[in-house]
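If you want the building blocks of each chain, they are given just below.
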Amino acid sequence: MSVDVLLGLQWGDEGKGKIVDVLTQNYDIIARFQGGPNAGHTLEFDGEKHVLHTIPSGIFHKTSANVVGNGVVIDPVIFKKEVENLLTHKVDVKQSLLISRKAHLILPTHRLLDAASEKAKGKDKIGSTLKGIGPTYMDKTGRNGLRVGDIELESFYERYQMLRKKHEQLLSHYDFAYQQDLQTMESEWMEAIAYLKELTLIDSEHFIHEALRAQKTILAEGAQGSLLDVDFGSYPFVTSSTTTCAGSCTGLGVAPTKIKRVFGIFKAYCTRVGSGPFPTEIDDEYGRGMQDKGHEYGSTTGRPRRCGWLDLPALKYAIEINGVTDLIMMKGDVLSGFDQLKVCTGYTYRGTQIDHLPYSTEEGELQPVYTELEGWQEDLTLLNSLENAPDAFKKYIQFVEEETGVPVSIVSVGPDRAQTIELRSVTRG
Ligand code: IMP
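Residues numbered from 1 in each chain as written. Predicted model: local features only at pLDDT ≥ 70, side-chain atom pairs only at ≥ 80, totals over all residues. Heavy atoms only, no water.

*Asks:* What should I look at first to understand the state of the cysteines in this one?
*Replies:* Note on terminology: a disulfide is the covalent bond linking the sulfur atoms of two cysteines. Applying the stated rule across the entire model yields zero disulfides. Cys 245 carries a free sulfur, and the closest cysteine sulfur to it, the one in Cys 249, is 6.2 Å from it. Of the cysteine sulfurs around Cys 344, a residue in no disulfide, the closest is that of Cys 270, at 8.6 Å. (Disulfide = S-S within 2.5 Å.)

Dropping the structure here:
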């Protein structure tokens, strides 16, 4: 059997949580492959809103297994809170949540290093979520990291102390006071490690391979977005993991030949949280209108998200890198009420017209070239089929399909599970 992948094509916050939750009924296993608690995947159903940071978004479905893959980084404290919250919703976590022994652990000192490093960068800061993501992946590639499987070893505490000492040496180079916080953070962390030990830890790559041999269906769930990818994003204003389709191979141990459908999610407009280039940003009352109407505030940090028009060259770039087979368009409802909508179809770069994202996107060097499309006034939140949609909305979708050459298979017109319209079958088989 094969694996399908679902990932974000912009700067994150596209609505992956909602769509994974909707698609879970088609899969036996949902597996997160990268990132950590910097993510905030929001699900809404039965009038309740749930935000997941590290746990896969299939967790509310009784029949699916949910794997936290080796490519994920786990903060045990945040993880414990997430699990405790799921228990209040009667989710059988012991049975349905499986954690890779090869996933790396975020230490309290990783969080402190993240904060110290951002502070030292001053106005050049990345705008990190300060969850310790960057320092943890640095320790992973630097071969210093602690992994979930290490907590089962007798030498764990000793290894923890060694790494903490190394981090304290690094912290001493910064003008950053942390001693007071560390003690409290550490005791909370140790408590959470004991909690983690009681959950189901697995050799996830073997689990996935066996599942494939047994003809099980798997959906790999990405976090953040392709334009935040450490290689292909707007470096250095990126996260520290491979957010693109390739990350599902390294983050789960899945061979590229096993991947079948790649679902790419994008918003009908663009948002970005944190610093970094954003060619189509609207820094006026239109942008603030989108922010309010779309509730564009980070689900992890609460920070307002910057808003802008849909950027097609950036979308096409993400489609190519990921091999997207199906597009999923989110938040079309937020664009209701505009007379005219702008869509970026190219750029002027250092005075020349180009149709792709260039290497350098220094402020002022890259100006978007827009095509104007007719807007629609109708409220789309109760729409249950595309047939009943305003013509201008249909044309907007058609324009994206023609420009990208990829079909839009799902449109979402609100945060609830029910506000989802399937235009093309997404059922496996
Ligand atoms: P970090 O991954 O917390 O270090 O943050 C690096 C950059 O990625 C910052 O600009 C963050 O705002 C952004 N970022 C990280 N995770 C997410 C996410 O889940 N959604 C949107 N932006 C994110």
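On we go from here.
*Asks:* Please clarify how the packing of helix H4 (residues 108-121) against helix H7 (residues 179-197) should be interpreted in this entry.
*Replies:* Think of two packed helices as two axes; the pair is described by the angle between the axes and how far apart they sit. Packing of H4 against H7 leaves a shortest axis separation of 9 Å and a crossing angle of 140°. With respect to each other, H4 and H7 are oriented oblique. Taking contact as the criterion, the partners of Pro 108, Thr 109, Arg 111 and Leu 112 in H4 are, on H7, Leu 182, Met 185, Glu 186 and Trp 189. In terms of residue class, the contact of H4 with H7 is built from five nonpolar, one polar and two charged. (Axes fitted to C-alpha atoms, helices over the stretch in contact; angles between N-to-C directions. Helix = DSSP H or I, 4+ residues; strand = E, 2+ residues; numbered from the N terminus. Parallel < 35°, antiparallel > 145°, perpendicular 65-115°, else oblique. Contact = heavy atoms within 4.5 Å. Nonpolar A, V, L, I, M, F, W, Y, C, P; charged D, E, K, R; others polar.)

*Asks:* Got a minute to help me understand the site of the ligand in this structure?
*Replies:* The immediate surroundings of the ligand are formed by 15 residues, with Asn 38, Thr 129, Thr 239, Val 273 and Arg 303 found nearest. One of the side-chain nitrogen or oxygen atoms of Asn 38 is found 3.0 Å away from an oxygen atom of the ligand. Take Ile 126: an N or O atom from its main chain is 3.4 Å from an oxygen atom of the ligand. About the coverage of the ligand: the protein hides 96% of its 470 Å² of free accessible area. (Near = heavy atom within 4 Å. Polar contact = N/O pair within 3.5 Å; in protein donor to acceptor, adjacent residues only side chain to side chain. Areas by Shrake-Rupley, 256 points an atom, 1.4 Å probe, with all protein chains shown as cover.)

*Asks:* Where do I start with the layout of surface pockets in this structure?
*Replies:* It is a probe the size of a water molecule, rolled over the atoms, that shows where empty space is left. For the second largest pocket, the calculated volume is near 830 Å³. As for the second largest pocket, its lining consists of 26 residues, and the residues nearest its centre are Ser 234, Gly 276, Pro 277, Thr 361 and Glu 362. Taken together, the residues that form the lining of the second largest pocket break down as 15 nonpolar, seven polar and four charged. (1 Å grid on protein atoms, 1.4 Å probe; cavity = no way out; pocket = protein on both sides within 12 Å on 5 of 7 lines; lining within 4 Å. Points joined across faces, edges and corners; volume = space filled by probe spheres on them.)

*Asks:* Sorry if this is basic, but what is going on with the nonpolar core here?
*Replies:* Across soluble globular proteins, you tend to see nonpolar side chains buried next to one another. Within the largest apolar cluster, 58 residues are counted, with the highest numbers of intra-cluster contacts made by Leu 9, Leu 327, Met 329, Leu 335 and Tyr 396. Sort the elements by how many residues they give to this core and helix H12 (residues 391-404) lands first, with six residues. Every residue in contact with Tyr 396, bar those within four places of it in the chain, is listed here: Ala 268, Leu 310, Met 329, Leu 335, Leu 341, Val 343, Leu 373 and Trp 376. (Core = buried A, V, L, I, M, F, W, Y, C linked by side-chain atoms within 4.5 Å. Buried < 20%, exposed > 50% of the residue type's maximum accessible area, 1.4 Å probe, protein only.)

*Asks:* Teacher, can you tell me more about helix H11 (residues 312-322) here?
*Replies:* Within the sequence span of H11, burial applies to Leu 312, Pro 313, Ala 314, Leu 315, Ala 318, Ile 319 and Asn 322. Where the residues of H11 are buried, they touch strand E1 (3-8), strand E11 (259-267), strand E14 (310-311), strand E15 (326-330), strand E16 (340-349) and H12. For H11, the N-terminal capping position is held by Asp 311, with its side-chain oxygen 3.2 Å away from the main-chain nitrogen of Ala 314. Immediately downstream of H11, the backbone of Gly 323 shows phi near 65°, a positive value.

*Asks:* Help me understand the side chain of Ser 409, please; the structure alone is not making it clear to me.
*Replies:* Structurally, Ser 409 can be placed in strand E19 (residues 408-412). On the basis of relative accessibility, which here comes to 0%, the residue Ser 409 falls in the buried class. At 2.7 Å, the side chain of Ser 409 forms a polar contact with the side chain of Asp 326. Beyond its immediate stretch of four places on either side in the chain, Ser 409 contacts Asp 326, Leu 327, Ile 421, Glu 422, Leu 423, Arg 424 and Val 426.

*Asks:* How should I be thinking about the pairing of E16 in this particular structure?
*Replies:* Looking down a regular strand, the side chains alternate between one sheet face and the other. Summarising the sheet, E14 and E16 pair through two bridges and their orientation is parallel. Residue pairing for E16: Leu 310 is matched across the bridge by Val 343. With nine bridges connecting them, E16 and strand E18 (residues 366-374) associate as antiparallel partners. Residue pairing in the sheet places Tyr 349 in a bridge with Leu 366 of E18. Relative to strand E17 (residues 352-354), E16 runs antiparallel, the two sharing three bridges. (Pairing = 2+ DSSP bridges.)

*Asks:* Help me understand the pattern of salt bridges, please; the structure alone is not making it clear to me.
*Replies:* Two side chains with opposite charge may pair up if their charged atoms get near one another. All told, the structure shown has 22 salt bridges when counted by the stated rule. Here Glu 168 makes a salt bridge to Arg 164, at a shortest N to O gap of 3.1 Å. Taken as a pair, Glu 168 and Arg 164 lie in helix H6 (residues 156-171) at a separation of four residues, close to a single helical turn. Residue Glu 168 shares its accessibility class with Arg 164, and that shared class is buried. The shortest N-O distance in the salt bridge between Glu 186 and Arg 164 comes to 2.7 Å. With a gap of 22 residues between them, Glu 186 in helix H7 and Arg 164 in helix H6 connect regions that are remote in the sequence. Summarising the burial analysis for this pair, Glu 186 and Arg 164 share the class buried. Shared partners join several salt bridges into a network, and the residues in it are Asp 13, Lys 267, Glu 296, Arg 305 and Lys 331. (Salt bridge = Lys/Arg side-chain N within 4 Å of Asp/Glu carboxyl O.)

*Asks:* I keep staring at the packing of aromatic side chains and nothing clicks. Help me out?
*Replies:* Describing an aromatic ring pair means giving the distance of the ring centres and the angle of the ring planes. Per the stated rule, a full pass over the model turns up nine aromatic pairs. With centroids separated by 5.3 Å and ring planes inclined at 65°, the aromatic side chains of Phe 45 and Phe 60 adopt a geometry described as edge-to-face. One end of the pair, Phe 45, is in strand E3 (residues 41-45); the other, Phe 60, is in the loop between strand E4 (48-52) and strand E5 (65-68), and 15 residues separate them in sequence. The residues Phe 45 and Phe 60 share a single accessibility class, namely buried. Plain terms: the ring middles of Trp 376 and Phe 393 are 5.1 Å apart, the flat faces sit at 70° to each other, and that makes the pair edge-to-face. Of this pair, Trp 376 sits in the loop between E18 and H12 while Phe 393 is found in helix H12, placing the two residues 17 residues apart along the sequence. Each of the two residues, Trp 376 as well as Phe 393, counts as buried. Site record: aromatic cluster; members linked through ring pairs are Phe 156, Tyr 157, Tyr 160 and Trp 189. It is Lys 80 that lies over the ring of Tyr 195; its NZ or CZ is 5.5 Å from the centre. Positioned over the ring face of Phe 45 is Arg 417, at 3.9 Å from the centre of the ring. (Phe/Tyr/Trp six-rings, centres within 6.5 Å; stacked < 30°, edge-to-face > 60°. Lys NZ or Arg CZ within 6 Å of the ring centre and 35° of its normal.)

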